[in-house]
Amino acid sequence: MALPLRPRLPQFLPRLHLGREGRPPRRSLGVAFWDLDRDTGGKRCSTDVGLVPSIVPTLHYQDSLPRLPIPKLEDSIRRYLGAQKPLLTQDQFRRTEAFSYDFQYGFGKELHDMLIFQDEHSRHTSYISDIWLNSYLGHRNPPVFNMNVGLAFQPDPKAEYNDQLTRATNMTVSIIRFLRAFRTGTLEPEVLHLYPEKTDTKLFKEFIRWIPKPFVCQMAAMCNVYPMDMSQNFRLFSTTRLPKFSRDTLFTDERAKHLLVLKNGNFYIFNILQKNGNMIQTSEIHANLKYILSDQSPKPEFPLAYLTTEKRDTWAKLRQELLHNGNQEALKKVDTAIFSLCLDDLLVKSPDDFTQIMLFGNGYNRWFDKSFNLILTKDGSAAINFEHSWGDVLTILRFMKEVFQDSTEAHAVRPQDDTLATNASRAVQKLTFHLNDSLREGIQNARTNYYEAVQTFSVKLVHFEKEGKTFLKREGVSPDAMIQLAFQMAFLALYGKVVSSHEPCSTGAFKHGRTEVIRSTSVHTKECSLAFQQPAKHSVNKLKVMLSTCSTYHTQLIKEAARGQGFDRHLLALRILADTKKGSLPDIFTDSAFAQINHSFIFSRHLFNPVLNFGATMPLVPDGFGITYSLQDDSITFNITSCSNYNTQDFIQSLITSLEKIVLVLKGRPISR
């Protein structure tokens, strides 16, 4: 049988994100349109490995994943200019156009050739992997207020299991089961099935597991099966972002066997893995967590965790002082812990309150530098706060799905279970830190800065209930396109300007892929937004054609981004090459228009996962909005954050009005003013 040169991936990717009619894949690319309610092929068990062991080894597909393509330079310049056009005046655009073509036919060609040469000699990874990681690690602002993402779990379907101790134990056990499954190669690979009834079967898996690794992705693609990159899972556990001057580093120690628990600003650890790598008894975990929850130690006068909310260079200096002041072993325990479990005394009063708890909490009961913090409030509400440099939402959502299903379907402990007479006081170690006057002053300054930042923060979760995914699909438009258009219409109506927007799209179908940017602001959304401000000047049919045009163009942007054919990551790589290899930046990168398009006032993520209650993200820029949204059949949920003087409630009202106008036009009705 002749194998194709590469998987037929590009033809399939667009179907994953668009929300069109047709058979949905079993799992969806990126952070949009997930369908994770799949039959695992067997009943879940509560063994140490947990989860149903996979027939196909976890990393079976990894080596033969297609490599992330580098776009043609002329294509990136064309797309870049297309994204710039709605943001600039005619004179500004002509200037930017001249800079862009000078770059394309001059210095840019040399840089592009250098990038291709480097990529050809780094075939084990993608051209963007290290660049994107270093870009994240180079940010000097606190990740908690800029990069970290909050994701709230659904409650346990059995209400009595939402007790803090019970749920903390069950979720911790399931997380360790996930870790063990990944490390032993029994975690099911993350795979997209175009026809799951044919390929998400024992027969197919028994067949594909015997295909040699160099050819397995090509063979899978011939069967309409598309594996996803799983390399980020290596950083999921025992990983910490270490503050350094100019650029942080990631530190991972897979030998670690202990769990970090924070309660009331105090730090506790206990070994959760045995020397042979197996998990300790669930009764021991239960007893250890009960012991920690019963500890009445007051909040420290100078809680160390505030330092992870500080600017990175400041935190780097203070960390050095901590190390020099005799805290090496304690910090090593924190840095190498498998993950951080945060047991809060807080009660969730509302979705908005929960959003704030999972994004930044009280400041002293999180270690925001850990790969992820599992947060359990006093009423058993659970959420993840994860540091973004090491991985993307795609990886975390898969992890959350497995943990939720395992912890709710294979309970390790029950609410009525008594803890066994284990000596938890010997197993649990409370960490102590030695502080001098300089460190106390640093912690106090960090606390002050934290509360100042919190004061500028606003959040609102809102439901649009007039229509949803079903209606938009029936009208033949992309739901994602209409939502992105509504953002533009809302901002224009409020503030009188068209602004840059940023929607990430996963490139996880490629080896070591990260994300590409969908630049939703276009000449079509600008024309449509302006027209909807004066609907009396246009017929309903004309407005409907504009909506269709926006949908078609946005669909094309999604296709390109999912195939690695955007322009943002390509130009980022070329800019860094120019700076590091040549020591100077071409005019295209010093042009004010380049800074303007990268100042994204509207940063949005489409999240959907049955185990996800809702998510939240910070704005990319201080004067912008961070928006997560999910589509239901008959409604749309938005969670909107802001750290600026913009009134979040005004924006929400403008967004709802914009969506109502879109719905009216799609129904063929005129817009009444």
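Residues numbered from 1 in each chain as written. Predicted model: local features only at pLDDT ≥ 70, side-chain atom pairs only at ≥ 80, totals over all residues. Heavy atoms only, no water.

A. Structural detail: the overall build of the protein. Scanning the protein for helices and strands turns up 25 helices and 18 strands. Whereas a compact globule of 673 residues would reach a radius of gyration of roughly 26 Å, the protein reaches 25 Å, a difference of no more than 12%. Along the longest, intermediate and shortest principal axes, the C-alpha atoms of the protein span 75 × 65 × 55 Å. Across the protein, every contact between residues at least 6 apart in sequence was considered, and the portion connecting residues at least 24 apart equals 77%. For the protein, the accessible surface area stands at approximately 26500 Å², while carbon and sulfur atoms represent 50% of it. Mean positive and mean negative side-chain charge positions of the protein (81 and 69 charges, respectively) differ by 3 Å. (Helix = DSSP H or I, 4+ residues; strand = E, 2+ residues; numbered from the N terminus. Rg over C-alpha atoms; globule rule 2.2 N^0.38 Å. Contact = heavy atoms within 4.5 Å. Areas by Shrake-Rupley, 256 points an atom, 1.4 Å probe, with all protein chains shown as cover. Lys, Arg positive; Asp, Glu negative; His and termini not counted. Charge placed at Lys NZ, Arg CZ, Asp CG, Glu CD.)

B. Broad picture of the side chain of Thr-308. Structurally, Thr-308 is set in the loop between α11 (282-294) and α12 (312-324). In this structure the side chain of Thr-308 is engaged in a polar contact, spanning 2.8 Å, whose partner is the backbone oxygen of Ala-305. If near-sequence neighbours (up to four positions away) are discounted, Thr-308 is found in contact with Val-144, Trp-315, Arg-366, Trp-367, Phe-368 and Asp-369. (Polar contact = N/O pair within 3.5 Å; in protein donor to acceptor, adjacent residues only side chain to side chain.)

C. Looking closely at helix α19 (residues 479-495). With 17 residues, α19 extends 24 Å from end C-alpha to end C-alpha; this agrees with the ideal 24 Å at 1.5 Å per step. Across the 17 residues of α19, 14 count as buried, placing the element largely inside the fold. Phi for Gly-496, located one or two positions after α19, is positive at around 70°. (Expected span 1.5 Å × (residues − 1). Buried < 20%, exposed > 50% of the residue type's maximum accessible area, 1.4 Å probe, protein only.)

D. How the structure looks around the sheet that holds strand β1 (residues 149-153). Pairing is mixed across the open sheet formed by eight strands, whose spatial order is β11-β7-β6-β8-β9-β10-β1-β16. Of all the strands in the sheet, the pair left with one neighbour each is β11 (429-430) and β16 (612-617). Sheet topology places strand β7 (residues 266-271) next to β11; two bridges connect them, and they run antiparallel. The partner of Ile-269 across the bridge, within β11, is Gln-429. Taken strand by strand, α11 contacts β6 (258-263), β7 and β8 (340-343), and its axis lies near 165° from that of β7. Its contacts with the sheet put helix α15 (residues 393-409) on β1, β9 (372-376), β10 (382-386) and β16, and the angle it makes with β1 is roughly 20°. (Pairing = 2+ DSSP bridges. Axes fitted to C-alpha atoms, helices over the stretch in contact; angles between N-to-C directions.)

E. Layout of the pattern of salt bridges. Per the stated rule, a full pass over the model turns up 28 salt bridges. The salt bridge involving Arg-398 is made with Glu-402; its shortest N-O contact spans 3.0 Å. Of this pair, Arg-398 and Glu-402 are both found in helix α15, four residues apart, which corresponds to roughly one turn of the helix. Each of Arg-140, Arg-241, Asp-248, Arg-312, Asp-313, Asp-369 and Glu-387 takes part in one network of salt bridges that share partners. (Salt bridge = Lys/Arg side-chain N within 4 Å of Asp/Glu carboxyl O.)

F. Geometry of the packing of helix α7 (residues 164-183) against α15. Where α7 contacts α15, the axes come no closer than 8 Å and their chain directions differ by 125°. As far as their axial angle goes, α15 and α7 are oblique. Helix-helix and strand crossings are classified by hand; for α7 and α15 the assignment is right-handed. Every residue of α15 that contacts α7 at Arg-167, Asn-170, Met-171, Ser-174, Ile-175, Arg-177 and Phe-178 is listed here: Phe-399, Glu-402, Val-403, Phe-404, Asp-406 and Ser-407. (Parallel < 35°, antiparallel > 145°, perpendicular 65-115°, else oblique. Left-handed = near helix turned anticlockwise from the far one by under 90°.)

G. Molecular detail of the state of the cysteines. All chains considered together, the criterion is met by zero disulfides. Left without a disulfide partner, Cys-550 is nearest to the cysteine sulfur of Cys-528, which lies 4.2 Å away. Its relative accessible area of 4% is what places Cys-550 among the buried residues. (Disulfide = S-S within 2.5 Å.)

H. Summary view of the sheet that holds strand β18 (residues 636-642). Strand order across the open sheet formed by six strands is β12-β18-β17-β15-β13-β14, with mixed pairing between neighbours. At either margin of the open sheet sits one strand with a lone partner, and together these are β12 (458-464) and β14 (515-518). Taking the axes of each pair of neighbouring strands and ignoring which way they run, one obtains an average angle of 25° across the sheet. Where β12 and β18 come together, seven bridges link them in antiparallel fashion. Along β18, the bridge assignment pairs Leu-461 with Asn-639. This element, helix α14 (residues 351-359), spans β12 and β18 of the sheet and lies at about 130° to β12.

I. Highlighting the packing of helix α4 (residues 90-105) against helix α5 (residues 107-120). At a closest axis distance of 3 Å, the pairing of α4 and α5 adopts a crossing angle of 50°. Between α4 and α5, the crossing angle belongs to the class labelled oblique. Mapping the contact onto sequence places Asp-102, Phe-103 and Gln-104 in α4 and Phe-107, Gly-108, Lys-109 and Leu-111 in α5. Residues that form the contact of α4 with α5 fall into these classes: three nonpolar, two polar and two charged. (Nonpolar A, V, L, I, M, F, W, Y, C, P; charged D, E, K, R; others polar.)

J. Structural detail: the environment of Tyr-268. Residue position: Tyr-268 is located in strand β7. Tyr-268 gets classed as buried once you look at its relative accessible area, which sits at 2%. Each C-alpha atom of the pair Tyr-268 and Thr-432 lies 9.2 Å from the other, and the pair is 164 residues apart in sequence. Only 2.5 Å separates the side chain of Tyr-268 from the side chain of Asp-295, close enough to count as a polar contact.

K. The arrangement of the packing of aromatic side chains in detail. Taken as a whole and judged by the stated rule, the model has 36 aromatic pairs. Aromatic side chains Tyr-306 and Tyr-364 sit 6.1 Å apart centroid to centroid with 65° between the ring planes, which places their arrangement in the edge-to-face category. Placement of the pair is Tyr-306 in the loop between α11 and α12 and Tyr-364 in the loop between α14 and β9, with a sequence separation of 58 residues. Judged by relative accessible area, which is 0%, Tyr-306 ranks as buried. An aromatic cluster is defined as three or more aromatic residues linked by ring pairs; in this entry it consists of Phe-145, Tyr-306, Phe-360, Tyr-364, Tyr-450, Tyr-451 and Phe-457. Here the guanidinium or amino end of Lys-198 rests over the ring plane of Tyr-195, the centre of that ring lying 5.6 Å away. The ring of Trp-210 has Arg-209 sitting right over it, with the charged end atom 5.1 Å from the ring centre. (Phe/Tyr/Trp six-rings, centres within 6.5 Å; stacked < 30°, edge-to-face > 60°. Lys NZ or Arg CZ within 6 Å of the ring centre and 35° of its normal.)

L. View of α14. Restricting attention to buried positions, one finds in α14 the residues Asp-352, Phe-354, Thr-355, Ile-357, Met-358 and Leu-359. The elements touched by buried residues of α14 are β1, β9, β10, β12, β16 and β18. One or two residues past the end of α14 sits Gly-361, with phi positive at roughly 55°.

M. Here's a closer look at the confidence of the model for the protein. Within the protein, residue pLDDT values average 91, and 92% of them lie at 70 or more. Counting contacts from residues 1-49, a segment whose pLDDT is below 50, to residues more than four positions away or on other chains yields 151 contacts. (pLDDT = per-residue confidence, 0-100.)

N. Focus on the pairing of strand β17 (residues 625-631). Counting buried positions along β17 gives seven out of seven residues, so the element sits mostly inside the fold. Where burial is concerned, the two faces of β17 agree: the one with Phe-625, Ile-627, Tyr-629 and Leu-631 and the one with Gly-626, Thr-628 and Ser-630 are both buried. Direction of pairing for strand β15 (residues 602-606) relative to β17: parallel, over a ladder of five bridges. Paired with Ser-604 across the strands is Ile-627, a residue of β17. In terms of strand pairing, β17 meets β18 through seven bridges, oriented antiparallel.

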